[in-house]
Amino acid sequence: MTYQTFKRIAESFRKDVIVSQHGDFCNNKSKNTLGIIFIKPDGRQSKVYDYHGTYAEILNRLHIRVITKSDYNTTLAMLEDYKKRNGTICPFFGDVMDYTEQIKEYEEKIKYYNSDKVVRDWEYK
């Protein structure tokens, strides 16, 4: 996800925030941060809060449930792998592998990712 995508999502779902890019290069720490300013109900702005992490992590901390294309594809791949291995014999122990619970869990994740309760970052490009 790019900064511009992050900004579009944040501003679409949180009218009470202003986002900006910040860089923190003091003390030999070269970490990128994002500045978040909250707009109070009376219209005044809060101080700038520094947020660290991926864009998706920061959006989730702002209570905007977001899923990246990479996470979506990984979940799909895991679901397919569980389906493929379910019911086969474990090569190490000889037992039948049962991934019924994992399949159900990953199917629920995909259903959630496709719902209106989550923002799909690739739709904001």
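Each remark here, short or long, concerns the structure printed above.
Residues numbered from 1 in each chain as written. Predicted model: local features only at pLDDT ≥ 70, side-chain atom pairs only at ≥ 80, totals over all residues. Heavy atoms only, no water.

Enquirer: It is not clear to me how unusual backbone geometry should be interpreted in this structure. Could you clarify?
Expert: Backbone geometry follows two general trends: most residues other than glycine have a negative phi, and most peptide bonds adopt the trans configuration. Its identity is not glycine, yet H63 carries a phi of approximately 65°, on the positive side. Relative to the helices and strands, H63 is located in the loop between α2 (55-61) and β4 (66-67). (Helix = DSSP H or I, 4+ residues; strand = E, 2+ residues; numbered from the N terminus.)

Enquirer: How should the packing of helix α3 (residues 69-85) against helix α4 (residues 100-113) be read in this particular structure?
Expert: Helix-helix packing: each pair is described by the crossing angle between the helix axes and the interaxial distance. At a minimum axis separation of 9 Å, α3 and α4 run at an interaxial angle of 150°. Compared by their axis directions, α3 and α4 come out roughly antiparallel. Of the two possible hands of crossing, α3 and α4 adopt the one that is left-handed. Judged by residue contacts, Y72, T75, L76, M78, L79, Y82 and K83 of α3 engage Q102, I103, Y106, E107, K109, I110 and Y113 from α4. The residue inventory of the contact of α3 with α4, partitioned by class, reads 9 nonpolar, 2 polar and 3 charged. (Axes fitted to C-alpha atoms, helices over the stretch in contact; angles between N-to-C directions. Parallel < 35°, antiparallel > 145°, perpendicular 65-115°, else oblique. Left-handed = near helix turned anticlockwise from the far one by under 90°. Contact = heavy atoms within 4.5 Å. Nonpolar A, V, L, I, M, F, W, Y, C, P; charged D, E, K, R; others polar.)

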